[in-house]
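What follows is the residue order along each chain.
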Amino acid sequence: MTGEAGGREKVAARLDEISRTVGFFYLKGHGIPERVIDRIFQESRRFHALPEEVKSVIPWFATIR
C-alpha cells in the first residue's frame, strides 16, 4: 500500500481488526532500534508490576465502535 491514496488508513484499519480478532500482531523491518524496544519492554514490566490501586488512577479511554 506504499504511496496508495488512503494507504495508511487501510493499514491502520487492518491492524485494528487484527488486534480485535487475533489479539496481537508482529512487525518487522520497522527500523526501531533494539535499545528502544528493550526499554519499552522494561517500562512495560515496571508498569505491570505496580499495585492495582496505582494503575487504576491512570486515565485511559476506550475506543469502541
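Above this text is the structure in question.
Here is a short report on the structure shown in this document. Note that the structure is a prediction, hence the values are computed from the model and not measured. (Residues numbered from 1 in each chain as written. Predicted model: local features only at pLDDT ≥ 70, side-chain atom pairs only at ≥ 80, totals over all residues. Heavy atoms only, no water.)

1. Notes on the environment of Glu 52
- Tracing the backbone shows Glu 52 in helix 3 (residues 52-55).
- On a C-alpha basis, the gap between Glu 52 and Ile 18 in space is 28 Å, while along the polypeptide they are 34 residues apart. (Helix = DSSP H or I, 4+ residues; strand = E, 2+ residues; numbered from the N terminus.)

2. Examining the packing of aromatic side chains
- In this structure the tally under the stated criterion is 0 aromatic pairs.
- The ring of Phe 47 is capped by Lys 55, whose NZ or CZ atom sits 5.8 Å from the centre of that ring. (Phe/Tyr/Trp six-rings, centres within 6.5 Å; stacked < 30°, edge-to-face > 60°. Lys NZ or Arg CZ within 6 Å of the ring centre and 35° of its normal.)

3. Quick word on the environment of Arg 14
- Considering the arrangement of structural elements, one finds Arg 14 in helix 1 (residues 7-21).
- With 46 residues separating them along the chain, Arg 14 and Trp 60 place their C-alpha atoms 23 Å apart.

4. Some remarks on the pattern of salt bridges
- One pass over the structure, following the stated rule, counts 6 salt bridges.
- With its nearest N and O atoms 2.9 Å apart, the salt bridge here joins Asp 16 to Arg 20. Residue Asp 16 and its partner Arg 20 are both found in helix 1; the two are separated by 4 residues, about one turn of the helix.
- Look at Arg 20 and you get partly exposed, because its relative accessible area is 45%.
- Measuring nitrogen to oxygen at the nearest pair gives 3.0 Å for the salt bridge that ties Arg 39 to Glu 43. With a gap of 4 residues between them, Arg 39 and Glu 43 both fall in helix 2 (residues 34-48), about one helical turn apart.
- A single network of salt bridges, built from pairs that share partners, joins Arg 39, Glu 43 and Arg 46. (Salt bridge = Lys/Arg side-chain N within 4 Å of Asp/Glu carboxyl O. Buried < 20%, exposed > 50% of the residue type's maximum accessible area, 1.4 Å probe, protein only.)

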